[in-house]
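Here are the chains, one letter per residue:
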Amino acid sequence: MRIACLHTAQSNITVFDRAAQDVFGEPARATLQHHVRADLLEAAEQAGGMTDDVACATRAAIQALAASADVVLLTCSTLGPVADELSATLAVPVLRVDRALAEEAIRAGLSIVALCAVATTMTPTRALFEALAEDSGATVDVRLVDGAWNHFKAGDTDAYLRAIANAAQEAYAQGADAVALAQSSMAGAAVLTRSHKAPLSSPAAGLRAALAAMKAVDSAKD
């Protein structure tokens with residue numbers, strides 16, 4: 001089984017390869033094909049959010065990957081709504097990793113804090129989490145980790161992840177049932193968080209959702 005991952009950060013390749021080792025096991029039940037389009041997030045950041053041009057380019061990238069994959073996994077939260085748009089129109093499942101993350105967070109409790117590092121992800125993250133939480137009675141607080149993205153863009157991964165871990169600790173100390181790290185690049189902060197719980201991260205959640213989607217497709221063929 002081939003899972004095509006569309007990233008907007010080169011570093012997410014390592015993040016997802018690590019998550020795959022835990023999710024897939026040995027022998028691996030699927031292989032990952034990585035494709036990086038940093039220009040898509042850069043364009044969205046410059047525009048202050050999603051634009052028609054960014055959505056069109058993202059749509060074309062996903063459609064191209066779907067031609068040779070069993071599942072397409074969009075790993076950028078800013079671009080996530082495009083995956084929702086295409087999920088019912090292509091021959092293979094198209095998933096956004098933050099949807100799987102939000103579903104896991106809502107199952108974990110009624111008080112959810114979703115942490116974002118980049119401002120362009122705030123609006124799609126809030127829309128996604130609040131829509132999924134509506135029927136559960138859960139409350140969602142979407143927060144921006146101030147200064148974290150500047151560390152990431154400067155290449156200071158340690159400072160980036162420490163800032164996120166500190167924000168996760170604060171959220172748990174304030175009574176959150178679940179803390180969700182809304183961007184894939186934030187996953188490494190989970191092991192740095194000193195709390196009674198580790199925050200949830202999207203790479204593992206997304207890969208589990210991809211395996212479930214492939215299993216559903218195979219069952220439908222039988």
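Fair warning: this is a prediction, and the values are worked out from it, not measured in the lab.

## Here's the deal with the sheet that holds strand β2 (residues 31-36)
Here's step 1: The sheet built from four strands is open, its strands ordered β2-β1-β3-β4 with parallel pairing. Two strands close off the open sheet at either side, each with one partner strand: β2 and β4 (94-96). Across the sheet, the mean angle separating the axes of adjacent strands is 25° when strand polarity is ignored.
Here's step 2: As paired elements, strand β3 (residues 71-74) and β4 share three bridges and run parallel to each other. Bridged to Leu-74 within β4 is Arg-96.

## What about the sheet that holds strand β8 (residues 200-201)?
Here's step 1: The four strands are arranged β6-β5-β7-β8 in an open sheet whose pairing can be described as parallel. Taken across any chain shown, the strands that pair with only one partner, and hence form the sheet edges, are β6 (139-144) and β8.
Here's step 2: On top of the sheet, helix α5 (residues 97-108) reaches β5 (111-116), β7 (178-181) and β8; it is set at about 170° to β7, its chief contact.
Here's step 3: Against the sheet, helix α6 (residues 122-133) makes contact with β5, β6 and β7, and its axis sits at roughly 170° relative to β6, the strand it touches most.

Basis of the calculations
Residues numbered from 1 in each chain as written. Predicted model: local features only at pLDDT ≥ 70, side-chain atom pairs only at ≥ 80, totals over all residues. Heavy atoms only, no water. Pairing = 2+ DSSP bridges. Helix = DSSP H or I, 4+ residues; strand = E, 2+ residues; numbered from the N terminus. Axes fitted to C-alpha atoms, helices over the stretch in contact; angles between N-to-C directions. Contact = heavy atoms within 4.5 Å.

These figures capture arrangement, not role.
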